[in-house]
Every structure is written in structure tokens, then in C-alpha cells.
Amino acid sequence: MTQNSPPLVLPPGLSRAIAALQDKDRHRLDDAVTRLHTVNGRLWDTEDRGRGALLSAAQVADCKREIDQLNAERNALAERADEVLGALVDAGRADAPLHTETLATVVDRLSVLTLRIWHSERAAARDELTRRRVPALHGQREELCAALDTLVSDVVAGRRRLPAPARFKLYGRDDPAPAEIKPSRHLRRVLAFGGLSECGKSTSAEFVHRTCGAQRFKIGFLLRQTAHREGLADPYALSAQRQAELPRRAAHRPNRQPRRGQLDRRMVRPGPPRDRRTRGHRPGPRGPGAVPDDPGGGAASLGPTSSPQAN
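Quick summary incoming for the structure in this document. Just so we're clear, the structure is a prediction, and the values are computed from it rather than from any experiment.

What follows deals with the overall build of the protein chain. A tally of regular secondary structure across the protein chain gives eight helices and three strands. When the elements of the protein chain are put in sequence order from the N terminus, they spell out α-α-α-α-α-β-α-β-α-α-β. Put simply, the protein chain has 311 residues, and 40% of those count as buried. In the protein chain, the proportion of contacts linking residues at least 24 apart, taken out of those at least 6 apart, comes to 81%. Summing over all exposed atoms, the protein chain offers an accessible surface of approximately 18500 Å²; the carbon and sulfur share of this is 50%.

Below you can see the structure in the form of C-alpha cells.
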């Protein structure tokens, strides 16, 4: 999101209704709305970046993919906010008139309008037409806040019903062909260590490295490597689900040298088998993190075994 972007200020009627929620629901809603506003800011910036006159076709496509991903996150966060806001609804009157949109949809519109006002005020100094539009934009925000407060009051009192929050958005083909994922023939096994900070990931990976000669590196190598191959945006700008999809694409790609990553999670990979005829083979102790001798198991092709270790 653009540095120093404006905060999202909710109207007083909605804020009072939210204050009556349980602490857990209030925290969930605050997280969803805050993230929704952040995603909208990133969407605005990415759309502006995609309009650059000097962008290559690959860069424009990269922006389009990032916009699709951010829109998917935007809809998911709005649904999450509506799940919490549903607790405000008085379900006692099934015959109450149905409103055309959910509360989170109106909050999303308020978020976008807040960003539009902020960007317009910044541009007003160099654009006379934009400067004249700023008062009208502030008037639109006041009207939208008043309408949202009225809707909240009607919903809480049972005078109005809200539609189901599910949006059922589709991005991409509606009949995607399943991609066949094949493990690399160059690797016998990949072990991934994940968990919270200071939970023992590094210690476990180091044990396997010392015991079995496995190469150790951060999973961020794989994310950045695959994103570069696919012409995607910075993988850390994507959602966790989208990041998890990236390594699958590397399973049958040519090897490349990994680069230093940023994630805490570790992945380890066994090195080449030792030649027992020319080297003194001393089998190491078997432990919970040891790599078995059998070649089974799938792995992504992540570069030559001699790739540098990242700590």
C-alpha cells in the first residue's frame, strides 16, 4: 500500500454496533476490515503501475496477475467481515425487506472512496479538474456514511434483511485442466520443516545436514525462483494459498541456482550418494529427521546439489 495512505474511519453508528460484539468477533472483524483496506490500497497502486507507458508486455501481464490475486483476497476478506457482521442481524423477521448488498460490501465501497479522496487531494495541486472534484468526493463520503449507519440501524432492529455474504467469484477458466505434477528425477527426497519461530526448525534441519549430507536452504529460494520463471509478481505480495501453489510449478522445470530467501521455514535436500568404494562410508545415526535410503517420494527440482547453503 502507498506509504502514508489514509486510515479507514467507520461511521459512528456502525462503530457503536461493533462495540456490542463479543471481543473475539470484534478482533476478527477489525483484522478483516484492516486487511481489506490494505488490499484495496495495494490494488490501487498496482493498477496505477500497470498503466505505465514504458512497461513491457511481460510487466503488464505481471500486474494483471497481481490484480487478479488481490481481487480474490479482497472478496475473501469481505466475506469474512460479513460473517462477523451477520451477528448484528435480527433474524426474527423473515418478511423484512431485503437490502441489495451486505454491510461489508458498503464498507469496501467506503474504503475505495477514502482512497479516491486521498489520491485526488494529492493530485489537486497539479490538476485543476481534480481539485474541483474533491468537495464532491467528500460529500459522497458523508452520504455513504449516513446511508451505512441507517442500514445498520435497520438491520439491528429487524426492519431490513441482508443477502447471503458468499460471492462465488471465479478467476481464470471455469474448466481448468488438472496439471500433472511429476517429481524431479534429480532428487530422491525433500524434507520441509515448518512452524513458529524458535520451534526447532533450524536445529532439525542442521541434524539432517550433518547426519545425511543433505543440502539445506530456505523455502523462499523456491518461491522467488518459480515466480521468476512464471513471470509472476513478487511471491511475497501474493496470498499464502497462492504462494503454496508456486512450488508445484517448479517440479518439472529446468534447474536454476537458488537465491537467498527470507522465510523462516527450511527445506533440506539429500546430496549425491557417496561412493563406498572410494570414500570411507560411515552410516550416520538414524534420527527423526534422517533421510531414508530408498529413492521414493516426490521433490521439486531446486538446482544443483552444490548450491550454497543458506543459514
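The next subject is the environment of R49. Within the secondary structure, R49 sits in helix α2 (residues 23-50). Relative accessible area serves as the criterion here: at 39%, R49 is assigned to the partly exposed category. For R49 and Q59, which are 10 residues apart along the polypeptide, the C-alpha to C-alpha distance reads 9.4 Å. Within the local environment of R49, its side chain forms a polar contact with the side chain of E66, the two groups lying 2.9 Å apart.

Ranked by size, the top nonpolar core spans 27 residues in total, and within it L14, L29, L85, L103 and L148 carry the most contacts. Looking at this core, the elements that each hand over two or more residues are α1 (12-19), α2, α3 (57-85), α4 (103-123) and α5 (128-157). If we skip the residues at most four places from it in the chain, L85 touches L14, I18, L29, L103 and A104.

Bringing empty space enclosed by the protein into the picture now. Going through the model one piece at a time under the given rule, you end up with one cavity of 30 Å³ or more. Empty space within the largest cavity amounts to approximately 50 Å³. L10, L14, I18, L29, V33, L36, A81, L85, A104 and V107 are the residues that line the largest cavity. Counting residues per element, the ones that place at least two in the lining of the largest cavity are α1, α2, α3 and α4. Of all the elements, α2 adds the most residues to the lining of the largest cavity, at three residues. Residues of the lining of the largest cavity, tallied by class, amount to 10 nonpolar, no polar and no charged.

Rules used throughout
Residues numbered from 1 in each chain as written. Predicted model: local features only at pLDDT ≥ 70, side-chain atom pairs only at ≥ 80, totals over all residues. Heavy atoms only, no water. Helix = DSSP H or I, 4+ residues; strand = E, 2+ residues; numbered from the N terminus. Buried < 20%, exposed > 50% of the residue type's maximum accessible area, 1.4 Å probe, protein only. Contact = heavy atoms within 4.5 Å. Areas by Shrake-Rupley, 256 points an atom, 1.4 Å probe, with all protein chains shown as cover. Polar contact = N/O pair within 3.5 Å; in protein donor to acceptor, adjacent residues only side chain to side chain. Core = buried A, V, L, I, M, F, W, Y, C linked by side-chain atoms within 4.5 Å. 1 Å grid on protein atoms, 1.4 Å probe; cavity = no way out; pocket = protein on both sides within 12 Å on 5 of 7 lines; lining within 4 Å. Points joined across faces, edges and corners; volume = space filled by probe spheres on them. Nonpolar A, V, L, I, M, F, W, Y, C, P; charged D, E, K, R; others polar.

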